[in-house]
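Residue-level structure breakdown
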Amino acid sequence: MRTLENRDTLRVGFVGAGSIAESILGGIIKNEILSPAQIYVTNHQNDQRLLYLQQRYGVSPTRDLETMVKDSTMLLLAIKPKEAKEVCLRLGKYIRRDQLIVSVMAGISTKNINEWLGVDCPIIRTMPNTSSSVGLSATGIAAGRYASESHLEIAAQLFRAIGSVFQVAEADLHILTGLSGSGPAFIYYMAEAMEQAGVKAGLPADLSRELTVQTLLGAAHMLLKAEEEPAELRRKITSPGGTTEAGLAVLNSYSFQQAMIDAILRAAEKSEELGKLYR
Ligand SMILES: NC(=O)C1=CN([C@@H]2O[C@H](COP(=O)(O)OP(=O)(O)OC[C@H]3O[C@@H](n4cnc5c(N)ncnc54)[C@H](OP(=O)(O)O)[C@@H]3O)[C@@H](O)[C@H]2O)C=CC1
Ligand SMILES: O=C(O)[C@@H]1CCC=N1
């Protein structure tokens with residue numbers, strides 16, 4: 001397996017061409033980590049989708065799994081957990097022992113992937129998020145049994161190009177899935193509500209959207225740059241007897257923090273369930 005230092009010779013085959021595949025390949029191309037000519041994509045049946053990816057990013061669509069595997073130095077599995085076994089059984093006919101497999105599938109263990117492929121090839125299991133498309137993913141990565149430090153480093157380099165990378169034990173990828181894999185959806189859900197509140201009180205929708213986005217952006221930067229803990233940043237906004245205090249009282253009456261904690265833990269639990277259901 002070549003390293004990204006030799007990235008001109010790297011060929012990545014995306015098995016699965018949905019949301020996360022597009023976010024990752026879009027980020028890789030935008031950041032000029034690989035050229036479109038180095039990326040193949042395949043999916044199950046959606047021709048329109050492959051055409052769209054070809055036209056938008058210049059990547060090569062294919063349904064010839066054998067040739068794609070043969071020509072790829074790395075395969076990136078971006079199929080749903082329920083499709084994992086069937087697709088891996090098919091891929092196993094063509095995969096070489098030195099071929100690096102990167103999985104982004106929630107819940108599916110590297111042990112199961114190796115078993116289905118029937119090959120002791122190196123597997124790096126990851127959990128990125130869709131912010132990959134703007135270079136801001138938080139990606140967890142863990143090595144399977146046959147992966148070496150250099151395989152980990154190759155995958156880390158690729159994902160570092162589209163955000164931050166955190167190496168964790170494979171078992172911890174479940175909680176990363178809840179926190180940072182699904183996490184953006186929980187934030188968007190809150191953003192939808194913030195926008196709705198502005199509109200309900202009479203603001204134009206576009207102004208309400210801009211205020212929401214700038215507020216989230218500013219808060220994220222504060223979390224990143226300020227030295228205070230989140231609770232201290234919150235306290236600084238909360239004047240005694242003021243508006244924030246009144247608003248927080250409403251959030252507390254709905255157990256907002258507990259709801260967020262439970263949502264993340266439930267998503268993590270679901271990741272474990274998917275792993276058991278589809279093993
Ligand atoms: N979306 C996200 O934010 C994240 C998702 N993930 C993980 O990524 C994986 C994909 O998720 P997501 O992108 O959201 O899902 P999508 O439903 O958007 O995409 C799934 C893709 O898999 C393809 N596919 C299905 N069956 C086959 C097959 N037999 N051979 C080849 N391709 C096949 C589908 O093709 P077709 O359309 O033709 O059926 C489709 O392109 C999941 O395992 C998920 O856990 C991980 C991190 C974040
Ligand atoms: O919803 C899902 O199952 C996937 C995994 C993390 C984000 N999306």
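Since the structure is predicted, the reported quantities are computational estimates derived from the model, not experimental observations.

All right, on to the UniProt feature "domain: Pyrroline-5-carboxylate reductase catalytic N-terminal" (unreviewed entry) in the chain then. UniProt annotation of "domain: Pyrroline-5-carboxylate reductase catalytic N-terminal" (unreviewed entry) refers to residues 11-107 when read in the numbering used here. Helix makes up 39% of residues 11-107 and strand 19%, with an end-to-end C-alpha separation of 26 Å.

This next bit is on the sheet that holds strand β8 (residues 163-167). Within the open sheet, the 8 strands sit side by side as β3-β2-β1-β4-β5-β6-β7-β8. Their pairing is mixed. Two strands lie at the open edges of the sheet, namely β3 (60-61) and β8, each paired on one side alone. Sheet topology note: the strand β1 (residues 12-15)/strand β2 (residues 39-42) ladder contains 4 bridges and is parallel. Counted as the bridge partner of Gly 13 is Tyr 40 from β2. On top of the sheet, helix α7 (residues 173-181) reaches β6 (123-127) and β7 (137-143); it is set at about 35 degrees to β6, its chief contact.

Let us now look at the pattern of salt bridges. The final tally for this structure, using the stated rule, is 13 salt bridges. Glu 83 serves as the salt-bridge partner of Lys 82, at 4.0 Å between the closest nitrogen and oxygen. Glu 273 serves as the salt-bridge partner of Arg 266, at 2.9 Å between the closest nitrogen and oxygen. Several salt bridges share partner residues, and in doing so they unite Glu 22, Arg 49 and Arg 56 into one network.

So, about the environment of Val 165. In this structure, Val 165 sits in strand β8. Once the C-alpha coordinates of Val 165 and Pro 128 are considered, the two residues, 37 residues apart in sequence, prove to be 8.6 Å apart. If near-sequence neighbours (up to four positions away) are discounted, Val 165 is found in contact with Thr 139, Ile 141, Ala 156, Phe 159 and Arg 160.

Reading guide: rules and limits
- Residues numbered from 1 in each chain as written.
- Chains lettered and ligands numbered in written order.
- Predicted model: local features only at pLDDT ≥ 70, side-chain atom pairs only at ≥ 80, totals over all residues.
- Heavy atoms only, no water.
- UniProt positions renumbered as here; feature names shortened; annotations may be inferred.
- Helix = DSSP H or I, 4+ residues; strand = E, 2+ residues; numbered from the N terminus.
- Pairing = 2+ DSSP bridges.
- Contact = heavy atoms within 4.5 Å.
- Axes fitted to C-alpha atoms, helices over the stretch in contact; angles between N-to-C directions.
- Salt bridge = Lys/Arg side-chain N within 4 Å of Asp/Glu carboxyl O.

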